[in-house]
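These are the residues of each chain, in order.
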Amino acid sequence: MIVVMKAGCPEDDIRAVQNRIENHGLQGHLSEGAERTVIGVVGQIFSGLQAEIERLPGVAEVVRISKPFKLSTREFKETDTTVVVDGVEVGGGQPVIIAGPCAVENEELLDSTAREVKRHGAKLLRGGAFKPRTSPYSFRGLGVQGLKLLAEAGKKYGLPVVTEVMSPEDVGMVASYADVLQIGARNSQNFNLLDEVGKVDKPVLLKRGFSSSYEEWLLAAEYVLSGGNGRVILCERGIRTFEPYTRFTVDLAAVPVIKKLSHLPIIVDPSHSTGSWELVTPISLAAIAAGAHGVIVDVHPNPAVAKCDGAQALSFDKFNALSVQIKAVSEAISRPAE
Ligand code: PEP
Ligand code: MN
């Protein structure tokens, strides 16, 4: 349910509506737009509440939200949400490139990758320290040591860092190093983890589970938003289909569909979805053309010896070429890149 307040109504009226909502054991989430202030009411809404709220001073109207994802739907917030990460806007006019190795392997590799991706237009640095691997015998990341290296490289090159957190107990610790907390595809419906990242003051990059519908994905986002953390960036990373040729099947229709359903920014991961470096450039460009707010791309100085996902990593030269083409595509569709 959303409560639309009258334009220019006093703060006290807004406060009174929120108090009434909270007194019923429900949550009131405020969204102050240029045109209107609305309060999203979530929880177990009972019959009679709508009429009760409609009678309060300053209330213009009370509208039921038809979608189950109450705070991420555009019915709650009409305008696009921009998630700002240390001054970098995700969801604004310019597509953002996030790049880096799949996993933090060592200082030298990370340093050279950060330097190169920064030089060629990346705005954020990615790198996994806690890696969810299908096999327990694969390289599972450097853990805290990896987080330290990532934070150092990010600081040195002026790149906010994105890294995955895998368990609820680690959220506070990972958040002390990371600028953006990534929730991986395999954990996208780990509801305890989603609750935990909903409590911290760090943006969340929420991958789509590879068997999640749009509704399940937006309901996962809803856990974070209803926990009090409004800074969620959605990431399409491919879904599992009958086609084995690519690692997953990239669902680029997700970009316009999610933009229609939700105000949250959406980016695409062409690396984990395709699993093949040759497909990373065409899928990145298609994602930007489809309206994605950015891409997150694996880059490695020597993909042939990468400890994780080398087949999908771009070399520095190829990443450079990609960033030039992304700029051209975004200009062609009138979303000029810097
Ligand atoms: C990753 O980005 O490192 C990763 C493991 O991605 P996903 O969760 O989408 O597989
Ligand atoms: Mn990977």
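Scroll up for the structure.
From a predicted model like this one, the values you see are computed outputs, not experimental measurements.

### Let's talk about the sheet that holds strand 3 (residues 37-42)
Right, on to step 1. Spatially, the 4 strands line up as an open sheet ordered 2-3-1-4, and their pairing is antiparallel. Two strands in the sheet have a free side with no partner beyond their single neighbour: strand 2 (27-32) and strand 4 (59-63). Adjacent strand axes in the sheet meet at a mean angle of 20° when their direction is disregarded.
Right, on to step 2. Note that strand 1 (residues 2-5) and strand 4 share 4 bridges and pair antiparallel. Each residue of the ladder has a partner; that of M5, found in strand 4, is V59.

### Considerations on the site of ligand 1
Right, on to step 1. Taken together, R126, K131, E164, Q182, G184, A185, R186, K207, R237 and H272 form the complete shell of residues around ligand 1.
Right, on to step 2. Here an oxygen atom of ligand 1 sits 2.7 Å away from a polar atom, N or O, in the main chain of A185.
Right, on to step 3. Within the complex, the protein chains bury 97% of what would otherwise be the 290 Å² of accessible surface of ligand 1.
Right, on to step 4. For the shell around ligand 1, a count of residues per class yields 1 nonpolar, 3 polar and 6 charged.

Cut-offs and rules
Residues numbered from 1 in each chain as written. Chains lettered and ligands numbered in written order. Predicted model: local features only at pLDDT ≥ 70, side-chain atom pairs only at ≥ 80, totals over all residues. Heavy atoms only, no water. Pairing = 2+ DSSP bridges. Helix = DSSP H or I, 4+ residues; strand = E, 2+ residues; numbered from the N terminus. Axes fitted to C-alpha atoms, helices over the stretch in contact; angles between N-to-C directions. Near = heavy atom within 4 Å. Polar contact = N/O pair within 3.5 Å; in protein donor to acceptor, adjacent residues only side chain to side chain. Areas by Shrake-Rupley, 256 points an atom, 1.4 Å probe, with all protein chains shown as cover. Nonpolar A, V, L, I, M, F, W, Y, C, P; charged D, E, K, R; others polar.

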